[in-house]
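# Examination of the molecular architecture
The lines below spell out each chain.
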Amino acid sequence: MGSAKKTESTSRKARIEEMRRAEQSRERRNRVLTITASVIVVAGLVAGGAFLIKSQSDDDSAASDSKSASGKFVTGKDGVKKWSTKLTQNHVTKDVKYPMEPPVGGDHNQVWMNCNGDVYEAAIKNVNAVHSLEHGAVWVTYNSKASDADVKALAEKVKKTPYSLMSPVEDQKDPIMLSAWGHQRTVKGASDPDVGTFFETYVQGKQTPEPGAACTNGLSK
């Protein structure tokens, strides 16, 4: 069994590294296309002002609808909580009132938080972090009840893990929580074996709506 787990872990790391290389290739291609894309966007803004106004209105409506998201967490035998209903994936311009804290999915801003092993010392916006989860990231969060030693150790793990990010969330229920799209769990500390299991399962895991999507070139603070 140990050999099987080691093989699975090696395969996952290789897959993440392959996605990372693909992302870097996309970034190079995007830089080449930036000037052309900018011209197209400007032309679209000039020609479609009325359409953009309508789109803005549609975004605002989507944000309002997301406040009434139905569903609840269902806890599995492994201690991982799974959201019971399908989570929406609309891009909105307003803040979203999520039915859970930290959120594990739902409508979100079109710009993601960088999640290439990024550790944020200050709170970040939920609407951007949720977009990172959509890309297959694991979000480590903590509040003031977490020990400094645990926070430091978890930060080191995140820094070594592509498709992960970390930030404080003071209003969360427990001192240390791990979130992925549609999934969440509490852990006792950095040395809790459930930390490693959660990362192995959910970093670019099967729950990811947009596997391989970028975790860089987003927001950095």
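Residues numbered from 1 in each chain as written. Predicted model: local features only at pLDDT ≥ 70, side-chain atom pairs only at ≥ 80, totals over all residues. Heavy atoms only, no water.

## Overview of the side chain of His108
Residue position: His108 is located in the loop between β2 (81-83) and β3 (116-119). Within polar-contact distance, the side chain of His108 engages the side chain of Glu134 at 2.9 Å. Aside from chain neighbours lying at most four places away, what touches His108 is Gln89, Asn90, His91, Val92, Tyr98, Val127, Val130, His131, Glu134 and Trp181. (Helix = DSSP H or I, 4+ residues; strand = E, 2+ residues; numbered from the N terminus. Polar contact = N/O pair within 3.5 Å; in protein donor to acceptor, adjacent residues only side chain to side chain. Contact = heavy atoms within 4.5 Å.)

## Examining the pairing of strand β7 (residues 183-186)
Of the pairings in the sheet, the one linking β2 to β7 comprises two bridges and is antiparallel in character. For Lys81, the partnering residue across the bridge sits in β7 and is Gln184. As paired strands, strand β6 (residues 176-180) and β7 are joined by four bridges and run antiparallel to one another. Across the sheet, the residue bridging to Ala180 is His183, located in β7. Between the antiparallel neighbours β6 and β7 lie two residues, among them Gly182 with a positive phi of about 80 degrees. (Pairing = 2+ DSSP bridges.)

## Describing helix α4 (residues 148-159)
An ideal rise of 1.5 Å per residue puts 16 Å on 12 residues; α4 measures up with 16 Å between its terminal C-alpha atoms. Looking only at α4, the buried set comprises Asp150, Val151, Leu154, Ala155 and Val158. Along the axis of α4, the buried positions cluster into a sector of 135 degrees, meaning they face one direction only. Exposed side of α4, more than 90 degrees from the buried face: Asp148, Ala149, Lys152 and Lys159 are the residues found there. (Expected span 1.5 Å × (residues − 1). Buried < 20%, exposed > 50% of the residue type's maximum accessible area, 1.4 Å probe, protein only. Arc of directions from axis to C-beta.)

## Focus on the state of the cysteines
Considering all chains together, one arrives at one disulfide under this definition. Across a sulfur-sulfur distance of 1.7 Å, Cys115 and Cys215 are joined as a disulfide pair. Where Cys115 bonds to Cys215 through sulfur, the torsion about that S-S bond is close to -90 degrees, and the disulfide is left-handed. Of the two residues, Cys115 sits in the loop between β2 and β3 while Cys215 sits in the segment after α5 (193-202), which places them 100 residues apart along the sequence. For the residue pair Cys115 and Cys215, the accessibility class agrees, reading buried in each case. (Disulfide = S-S within 2.5 Å.)

## Some remarks on the confidence of the model for the protein chain
Per-residue confidence for the protein chain gives a mean pLDDT of 84, with 71% of residues at or over 70. For residues 39-43, every residue scores under 50 in pLDDT, and the model assigns this stretch zero contacts once sequence neighbours within four places are set aside. Note that residues 64-68 has pLDDT below 50 and, in this model, four contacts with residues that lie over four places away or in other chains. (pLDDT = per-residue confidence, 0-100.)

## Observations regarding the nonpolar core
Within the largest apolar cluster, 42 residues are counted, with the highest numbers of intra-cluster contacts made by Val138, Val140, Leu165 and Met166. Elements supplying a minimum of two residues to this core: α3 (126-134), β4 (138-142), α4, β5 (164-168), β6 and α5. What Met166 contacts, discounting residues up to four positions off in sequence, is Asp118, Val119, Tyr120, Trp139, Val140, Tyr142, Val151, Leu154, Ala155 and Val158. (Core = buried A, V, L, I, M, F, W, Y, C linked by side-chain atoms within 4.5 Å.)

## Here's the deal with the packing of aromatic side chains
Inspection of the entire model under this criterion finds two aromatic pairs. Between the aromatic rings of Phe198 and Tyr202, the centroid separation amounts to 4.6 Å while the plane-to-plane angle is 45 degrees, which identifies the pairing as tilted. With Phe198 and Tyr202 both in helix α5 and four residues apart, this pair spans about one turn of that helix. The two residues Phe198 and Tyr202 agree in class, both being buried. The lysine or arginine in question, Lys81, covers the ring of Phe73, its NZ or CZ lying 4.8 Å from the ring centre. A cation over an aromatic ring shows up here: Lys157 above the ring of Phe199, its NZ or CZ 4.9 Å from the ring centre. (Phe/Tyr/Trp six-rings, centres within 6.5 Å; stacked < 30°, edge-to-face > 60°. Lys NZ or Arg CZ within 6 Å of the ring centre and 35° of its normal.)

## Quick notes on α3
Burial analysis of α3 places eight of its nine residues in the buried class, the great majority of the element. Among all positions in α3, only Val127, Asn128, Ala129, Val130, His131, Ser132, Leu133 and Glu134 are buried. Against β4, β5 and β6 lie the buried residues of α3. Where α3 ends, the next residue or the one after it, Gly136, has phi of about 100 degrees, a positive value.

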